[in-house]
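Descriptive analysis of the structure
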Amino acid sequence: MPRLHAPSKDDSRLLPPFAALPERCIHVPATDAEFAAARAALMAAPVLGFDTESKPLFHAHQTDTGPHVVQLATCDQAWLLQLHHAQARALAADVLASESICKAGFGLDHDRSALPGRLGVALHNVIDLDRVFKRHGYASSVGVRAAVALVLGQNFHKSKKISTSNWAAPQLSLAQRHYAANDAHGAAMVHAALPAWEQRQPAVAERPARPARPAPEPRGPGSSSGPRGPRRHHAPREQDAPREPHVSHEQHVSHEPHEPHAPRESSAPRSSPRPSRTPRLLQAPVTPGKPSPG
């Protein structure tokens, strides 16, 4: 399947602007009453747009303490949970651990690994929308800007300056609140319109299964691999002929002189193994002072 290209920033600028949330629809709870209202609304939502923000790191020796803000949004409201509040951490943990609430966002690999340690819970029912677009042939990281252009036909503006601002600050600026809220709101809007968009896309071709490798054919004898052939039996060599019986030291001690052996002709070829010789019977040694046996 050929790789498809998502709309570029220049392509997105030609589209009508994304309908961002107004200030009255962005909630940053700080009091007990505000957290109670946020909990009631979030725990009742079947689907939420989801994103996080972290204080950027500019040096290698800095320690990453994020995420610092968790954004959750419906199609008409957004909540920014600043995690330096204990109540915000508890609410974020309950929402993200809930299996009945679908959380949809973009580029969530870092959040999946960082948030369990930050909140002490495992994330459930989380959808990374980048993987949905990848299934349709787009790059592995589409992002909310390109996804809004593809699915909604709108221009989603993102400020690089705001994205690298201090998200660990106790009070978020107006620009930070709008930036963070619309990241989660954009994900919620894309998720809501995604089924209709997918119906208009070409059918996703499934990858053919790889054929099984054929079994290797048995190779003949003498090859470096494969089953071995029958072992070859060689004719007995000359040195394989039976050796002469061993004669003990006592048998060698004899008063009779040994007969010299006939000289061996080294030039005569040997056509067969040399026959074994029968050892001579030697007399037992005679001990002085004792009559010899007889």
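Scope of this entry: the structure provided in the associated data block. Keep in mind the model is a prediction, meaning the values are calculated, not measured.

Okay, the sheet that holds strand β5 (residues 102–105) next. Ordered by their spatial adjacency, 6 strands build an open sheet running β1-β4-β3-β2-β5-β6, and the pairing between neighbours is mixed. Here the strands that pair on one side only, and so sit at the sheet edges, are β1 (26–27) and β6 (126–128). By the bridge criterion, 3 bridges tie strand β2 (residues 47–53) to β5 in an arrangement that is parallel. Each bridged residue has a counterpart across the sheet, and for Leu48 the counterpart in β5 is Lys103. Lying on the sheet, helix α3 (residues 86–97) is in contact with β2, β3 (69–73), β4 (78–82) and β5; it crosses β4 at an angle near 125°. This element, helix α8 (residues 174–199), spans β1, β2, β3, β4, β5 and β6 of the sheet and lies at about 145° to β2.

Further remarks concern the side chain of His68. Here His68 lies in the loop between β2 and β3. With residues near it in sequence (within four places) discarded, His68 still touches Glu53, Ser54, Lys55, Leu81, Gln82, Leu83, Arg118, Trp167 and Ala168.

We now examine the side chain of Lys103. Looking at the element boundaries, Lys103 is found in strand β5. Among buried Asp, Glu, Lys and Arg side chains, Lys103 stands out as unpaired, with Glu99 the closest opposite charge at 9.0 Å. Polar contacts involving the side chain of Lys103 include one to the main-chain carbonyl oxygen of His124, which spans 2.9 Å. Setting aside residues no more than four positions away along its own chain, Lys103 makes contact with Leu48, Phe50, Val95, Leu96, Ser98, His124, Asn125, Val126 and Ile127.

So, about the packing of aromatic side chains. Scanning the model with the defined rule gives 5 aromatic pairs in all. With a centroid separation of 5.1 Å and 55° between ring planes, the pair formed by Phe18 and Phe156 is classed as tilted. Here the residue Phe18 occupies a position in the loop between α1 (9–13) and β1, and Phe156 occupies one in the loop between α6 (143–152) and α7 (160–163), the gap between them amounting to 138 residues. Judged by centre distance (6.5 Å) and plane angle (40°), the rings of Tyr138 and Trp197 are tilted. Of this pair, Tyr138 sits in the loop between α5 (129–135) and α6 while Trp197 is found in helix α8, placing the two residues 59 residues apart along the sequence. Like Tyr138, the residue Trp197 is buried in the burial classification. An aromatic cluster is defined as three or more aromatic residues linked by ring pairs; in this entry it consists of Phe133, Tyr138 and Trp197.

Side chains carrying opposite charge are able to pair once their charged atoms draw close together. Following the criterion strictly, the structure yields 6 salt bridges and no others. Note that Asp94 is salt-bridged to Arg39, the shortest N-O span being 2.8 Å. Here Arg39 lies in helix α2 (residues 32–43) and Asp94 lies in helix α3, a separation of 55 residues in the sequence. The class for Arg39 is partly exposed, based on a relative accessible area of 32%. Two residues, Asp183 and Lys158, come together in a salt bridge whose shortest N-O distance is 3.4 Å. Residue Asp183 is located in helix α8, and its partner Lys158 is located in the loop between α6 and α7; the two are separated by 25 residues in the primary sequence. Using a relative accessible area of 5% as the deciding quantity, one classes Asp183 as buried.

What counts, and at which threshold
Residues numbered from 1 in each chain as written. Predicted model: local features only at pLDDT ≥ 70, side-chain atom pairs only at ≥ 80, totals over all residues. Heavy atoms only, no water. Pairing = 2+ DSSP bridges. Helix = DSSP H or I, 4+ residues; strand = E, 2+ residues; numbered from the N terminus. Contact = heavy atoms within 4.5 Å. Axes fitted to C-alpha atoms, helices over the stretch in contact; angles between N-to-C directions. Buried < 20%, exposed > 50% of the residue type's maximum accessible area, 1.4 Å probe, protein only. Lys, Arg positive; Asp, Glu negative; His and termini not counted. Salt bridge = Lys/Arg side-chain N within 4 Å of Asp/Glu carboxyl O. Polar contact = N/O pair within 3.5 Å; in protein donor to acceptor, adjacent residues only side chain to side chain. Phe/Tyr/Trp six-rings, centres within 6.5 Å; stacked < 30°, edge-to-face > 60°.

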